[in-house]
Amino acid sequence: MKINETVKAQSADPASREILQLAAVQEIETVWNRLEKQQPQCGFGELGLCCRICMMGPCRIDPFGEGAQKGACGADADTIVTRHLVRMIAAGAAAHSDHGRRPALLLKEIAAGRNNEYQISDPKKLKAIAAKLGLETENCAIDELALQVADIALNDFGKQNEETLAFVKAYAPKKRLERWLKIAEDLSSLSEKTIGILPRGIDREIVDIMHRTHFGVDHSPLSLIAQGVRAAIGDGWGGSLIATEIQDVIFGTPQIREANANLGVLDEKQINLVIHGHEPVLSEKIVEIAASEKMLALAQKHGATGVNVVGMCCSGNEILMRHGVPIAGNELQQELAVITGAVELISVDVQCIFPALAELCQCFHTHFVATSDQAAFPGSIHIQFEEDDANRCAEEIVTLAIENFANRKPEKVHIPEITNRAMVGFSVEAILSALGGTPEPLLDAIKSGAIKGVVGIVGCNNPKVTHDFYHIELAKALIAKDILVIGSGCWAIAAAKAGLMQIETATLAGDGLKAVCNALKIPPCLHMGSCVDCSRMLVLAGALADTLGVDIDDLPLVGSAPEWLTEKAVSIGTYFVASGVTVHLWPMPPIAGGAKVTEILTQTAADVFGGAFFVEENPLKAADKMAEIINEKRRALGL
Ligand code: BF8
């Protein structure tokens with residue numbers, strides 16, 4: 001198929017290009033077309049200078065210094081920009097952490113014997129979590145231990161005392177915890193009021209942000225950002241970490257396995273059921289039920305050879321990591337999967353789901369099934385998921401998909417014959433086991449210079465930038481410099497599709513990294529999971545820091561979100577920086593209108609936390625800058 005230049009600029013992924021070309025010819029609207037219709041976008045909004053917090057507004061600040069320099073209430077550019085930014089952190093932290101609440105509640109139900117639909121799959125992990133939390137693990141029954149862990153997790157969401165979260169105290173490296181305490185003291189002494197950094201309650205810090213950004217409360221960029229940091233730490237080392245850890249307990253800790261990635265995983269002969277969204281609780285059941293003899297027989301009765309469950313976005317990452325379920329694509333491919341005409345049903349829960357899917361699915365035979373009590377999609381079929389009725393719900397969804405096979409229009413089916421193999425499942429436990437049980441071999445490789453450092457790439461796709469291009473070019477440039485790349489979310493799917501998660505890809509790495517990959521039989525880019533699994537990267541960084549007896553900011557680590565889009569990415573970037581990791585971003589976040597806040601985030605943060613943000617469009621230049629940071633850290637460590 002001949003691909004036109006417009007399509008080439010939209011996506012770097014060959015399978016996506018094929019479907020985008022088809023969509024262009026058939027005049028099927030996608031996110032790229034809708035974004036085009038939004039141009040030019042609001043310049044005030046892009047700079048963060050539009051304030052809609054009260055009904056004297058919307059107010060806006062003239063960035064050229066000629067018009068209004070204050071909102072009607074007197075808020076200046078920095079206050080307006082910072083309030084907006086920390087509200088983004090609050091929304092991102094809320095999405096991740098509310099996700100974490102569900103498995104914590106479910107664990108409690110399982111442990112109390114009130115839910116028989118799920119079991120504890122990884123008691124070893126449960127014991128490891130309990131031990132970290134300081135619980136007695138030896139003479140305690142598994143259910144009792146699960147109950148205690150669930151209670152501590154749930155308490156971290158809603159407790160009202162001033163104590164730091166139990167999970168933060170248990171998981172953050174000692175030196176970082178001490179540093180956060182010291183930062184809070186230093187900032188308070190610089191400020192006219194107390195400033196806290198350590199989170200007291202996961203929910204509380206988010207509510208605190210919503211309170212202090214309400215009309216007429218907190219107007220200091222420093223104080224506002226500190227609270228943003230507090231909520232973000234509560235996400236990364238709290239809510240997200242709870243999600244990851246407890247999901248591992250219930251569904252199993254990911255181990256290294258192989259799987260296929262990209263739209264070519266859709267199968268013309270099978271019932272194609274796409275799982276899209278973020279929470280694995282229902283997805284796990286759909287995967288299980290779809291593989292049953294009963295569903296296979298039903299599929300065959302309807303003329304298909306079987307049920308092909310494939311993933312999309314982070315729900316996809318969860319079942320990819322734990323079961324090797326093929327992944328059809330990342331966030332910008334959700335519409336493209338439907339446009340293949342081969343999808344019988346797309347089941348969604350929460351986050352990163354385009355409302356546009358409802359209308360698009362109506363142009364095809366695809367059933368668009370919403371399942372969460374938190375997410376209604378007008379135009380969808382709503383099948384309410386309840387944890388205590390999981391098997392029935394999953395069976396209803398799979399059956400609906402199978403029965404829809406007869407409605408598929410063969411003349412509309414176009415599945416790109418493009419997939420790539422990927423080695424996935426790099427939980428911290430799987431990485432350590434590949435290393436022989438301790439982080440020492442990785443540290444030795446870093447000390448010897450075979451691996452210069454590690455970059456964690458996270459986050460989304462954004463149609464403002466060429467889909468997957470930045471993810472792939474950045475990762476390639478880094479591995480060529482002997483920098484190991486780890487990551488999650490839509491980056492991980494992009495890397496899997498591009499073949500960067502195969503051992504053979506080590507040929508693209510520098511000599512040092514290549515030798516390590518060949519010796520350990522791992523690819524140079526490691527898939528660490530979904531976006532809540534960014535917490536796995538924190539845990540790995542913490543383990544490396546503790547083993548060396550240093551703080552995270554001493555380590556040659558950098559973070560990046562080169563195609564970021566969601567508020568969750570703002571929270572992730574913030575907790576990486578707060579943990580001492582410098583973070584690269586593209587596109588530019590909406591902060592340039594506030595000189596002070598920009599300075600705090602790009603410069604002051606480096607002095608305070610040991611990590612700051614930097615913005616760079618060109619992936620090669622970004623990789624150079626990351627290598628520079630890594631080399632500086634190496635020098636400081638005497639390497
Ligand atoms: O949580 S990377 S577009 S799918 S927000 Fe969403 Fe961004 Fe993808 Fe996963 Ni994460």
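Residues numbered from 1 in each chain as written. Predicted model: local features only at pLDDT ≥ 70, side-chain atom pairs only at ≥ 80, totals over all residues. Heavy atoms only, no water.

A.B. asks: Lay out the environment of Leu357 in plain terms, naming residues and giving numbers.
C.D. replies: With respect to the element layout, Leu357 can be found in helix α16 (residues 356-362). For Leu357, a relative accessible area of 0% puts it in the buried group. Taking the C-alpha atoms as reference points, Leu357 and Lys182, 175 residues apart in sequence, are found 48 Å from one another. Aside from chain neighbours lying at most four places away, what touches Leu357 is His276, Gln334, Glu335, Val338, Ile346 and Phe368. (Helix = DSSP H or I, 4+ residues; strand = E, 2+ residues; numbered from the N terminus. Buried < 20%, exposed > 50% of the residue type's maximum accessible area, 1.4 Å probe, protein only. Contact = heavy atoms within 4.5 Å.)

A.B. asks: Account for the packing of helix α6 (residues 123-132) against helix α11 (residues 221-251), with residues named and values stated.
C.D. replies: The N-to-C vectors of α6 and α11 enclose an angle of 145°; their axes lie 7 Å apart at closest approach. Judged by the twist between their axes, the crossing of α6 over α11 is left-handed. Contacts between α6 and α11 involve Lys125, Leu126 and Ile129 from the former and Glu245, Asp248 and Val249 from the latter. For the contact of α6 with α11, the class distribution of residues is 3 nonpolar, no polar and 3 charged. (Axes fitted to C-alpha atoms, helices over the stretch in contact; angles between N-to-C directions. Left-handed = near helix turned anticlockwise from the far one by under 90°. Nonpolar A, V, L, I, M, F, W, Y, C, P; charged D, E, K, R; others polar.)

A.B. asks: Describe in detail the site of the ligand, supporting the description with residues and values.
C.D. replies: As a structural note, the neighbourhood of the ligand is formed by His278, Cys313, Cys314, Glu331, Cys352, Gly459, Cys460, Cys490, Cys531, Thr566 and Lys568. Take His278: an N or O atom from its side chain is 2.6 Å from an oxygen atom of the ligand. In this structure, an oxygen atom belonging to the ligand sits 3.0 Å away from a side-chain N or O atom of Lys568. Class assignment for the residues of the shell around the ligand results in 6 nonpolar, 3 polar and 2 charged. A domain-level breakdown of the shell around the ligand finds at least three residues from each of domain 2 (263-412) and domain 3 (427-636). (Near = heavy atom within 4 Å. Polar contact = N/O pair within 3.5 Å; in protein donor to acceptor, adjacent residues only side chain to side chain. Domains from an automatic or database assignment.)

A.B. asks: Can you lay out the coordination of the nickel atom of the ligand for me, pointing to particular residues and giving the numbers?
C.D. replies: Just one protein atom donates to the nickel atom of the ligand; it is Cys531 (SG), sitting 2.2 Å from the metal. One can find Cys531 in the loop between β13 (525-527) and α23 (534-548). (Donors = N, O, S within 2.8 Å, 3.2 Å for Na, K, Ca; no water.)

A.B. asks: Can you tell me about helix α20 (residues 469-480), naming the residues and giving the values?
C.D. replies: In a regular helix each residue adds 1.5 Å, so 12 residues correspond to 16 Å; α20 covers 17 Å between its end C-alpha atoms and thus fits that length. Residues Tyr470, His471, Ile472, Leu474, Ala475, Ala477, Leu478 and Ile479 constitute the buried set of α20. Within two residues after α20, Asp482 carries a phi angle of roughly 65°, on the positive side. (Expected span 1.5 Å × (residues − 1).)

A.B. asks: Give a description of the side chain of Ser188 that names residues and reports values.
C.D. replies: Residue placement: Ser188 occurs in helix α9 (residues 174-190). By relative accessible area, Ser188 is classed as buried at 18%. Contacts of Ser188, omitting those with residues within four sequence positions, involve Lys193, Thr194 and Ile195.

A.B. asks: Quick one: what's the story with unusual backbone geometry, residue by residue and with numbers?
C.D. replies: Here the amide bond leading from Gly57 into Pro58 is cis, since omega sits at 5°, within 30 degrees of zero. Positionally, Pro58 belongs in the loop between β1 (50-51) and β2 (59-60). Here the residue pair Trp586 and Pro587 is connected by a cis peptide bond, since its omega of 0° sits within 30 degrees of zero. Along the chain, the position of Pro587 falls in the loop between β15 (582-585) and α25 (595-609). Even without being glycine, Glu27 reaches a positive phi, approximately 55°. Here Glu27 is to be found in the loop between α2 (14-26) and α3 (31-37). Phi at Asp468 takes a positive value of approximately 70°, unusual for a residue other than glycine.

A.B. asks: Give a description of the pattern of salt bridges that names residues and reports values.
C.D. replies: One pass over the full model with this rule turns up 44 salt bridges. The partner of Glu279 in a salt bridge is Arg102, and the shortest N-O contact between them spans 3.6 Å. Highlighted residues: Glu279 in the loop between β4 (271-277) and α12 (280-290) and Arg102 in helix α5 (residues 77-111), separated in sequence by 177 residues. Residue class for Glu279 comes out buried when judged on its relative accessible area of 8%. Look at Arg102 and you get buried, because its relative accessible area is 17%. A single network of salt bridges, built from pairs that share partners, joins Lys125, Glu245, Asp248, Glu318, Arg322, Glu429, Asp533 and Arg536. (Salt bridge = Lys/Arg side-chain N within 4 Å of Asp/Glu carboxyl O.)

A.B. asks: Can you explain the packing of aromatic side chains? Please cite residues and give values.
C.D. replies: Under the counting rule described, the total for this entry stands at 6 aromatic pairs. Seen in terms of ring centroids, Tyr118 and Phe251 are 6.0 Å apart; in terms of plane orientation they differ by 75°. Their pairing is edge-to-face. One end of the pair, Tyr118, is in the loop between α5 and α6; the other, Phe251, is in helix α11, with 133 residues separating them in the sequence. Taking the relative accessible area as the measure of exposure, Phe251 reaches 9% and is therefore buried. Between Trp180 and Trp237, the ring centres sit 6.4 Å apart and the planes meet at 75°, which makes this aromatic pair edge-to-face. (Phe/Tyr/Trp six-rings, centres within 6.5 Å; stacked < 30°, edge-to-face > 60°.)

A.B. asks: So what about the side chain of Arg408? Which residues, and what values?
C.D. replies: As for its placement among the helices and strands, Arg408 is situated in the loop between α17 (390-403) and β10 (420-424). Judged by relative accessible area, Arg408 falls into the buried class, the value being 10%. From its side chain, Arg408 meets the backbone oxygen of Gln270 in a polar contact 2.8 Å long. At a separation of 2.8 Å, a polar atom in the side chain of Arg408 contacts the side chain of Glu344.

A.B. asks: A description of the sheet that holds β15 should follow, citing residues and the corresponding values.
C.D. replies: With parallel pairing, 6 strands are arranged side by side in an open sheet as β13-β12-β11-β14-β15-β16. At either margin of the open sheet sits one strand with a lone partner, and together these are β13 and β16 (613-615). If you compare each strand with its neighbour and ignore which way they point, the axes differ by 25° on average. (Pairing = 2+ DSSP bridges.)

A.B. asks: Summarise the pairing of strand β5 (residues 307-312); cite the residues concerned and give the values.
C.D. replies: Burial within β5 is extensive, with 6 of its 6 residues counted as buried. Bridging between β5 and strand β6 (residues 327-329) involves 2 bridges; their strand directions are parallel. Opposite Met312, over in β6, you have Gly329 as the bridge partner. Of the crossover connections in this fold, the one passing from β5 over helix α14 (residues 313-323) to the parallel β6 is right-handed. (Right-handed = clockwise from strand over helix to strand, strands pointing away.)

A.B. asks: If you had to explain the packing of α5 against α25 to someone new, which residues and values would you point to?
C.D. replies: Between α5 and α25, whose axes approach to 7 Å, the crossing angle comes to 50°. Comparing the axis directions of α5 and α25 gives the class oblique. In contact with Asp78, Val81, Thr82 and Leu85 of α5, α25 contributes Ala595, Lys596, Val597 and Leu601. For the contact of α5 with α25, a count of residues per class yields 5 nonpolar, 1 polar and 2 charged. (Parallel < 35°, antiparallel > 145°, perpendicular 65-115°, else oblique.)

A.B. asks: Any details on the state of the cysteines? Residues and values, ideally.
C.D. replies: Tallying each qualifying case throughout the model produces 0 disulfides. Its sulfur unpaired, Cys313 is 4.5 Å from the next cysteine sulfur, which belongs to Cys490. (Disulfide = S-S within 2.5 Å.)

A.B. asks: Describe the domain arrangement of the chain, and please don't skip the residues or the numbers.
C.D. replies: Each assigned domain of the chain is listed with its residue range as follows: domain 1 (77-251), domain 2 (263-412) and domain 3 (427-636). If you average the C-alpha positions of domain 1 and of domain 2, the two centres end up 32 Å apart. Taken together, the contact pairs 13 residues of domain 1 with 19 residues of domain 2. Surface buried jointly by domain 1 and domain 2 totals about 1400 Å² across both partners, of which 44% is contributed by carbon and sulfur atoms. A per-residue breakdown of the area domain 1 buries against domain 2 is headed by Arg102, Glu117 and Phe251, which together make up 49% of the total. (Buried area = accessible area lost by both parts, 1.4 Å probe.)

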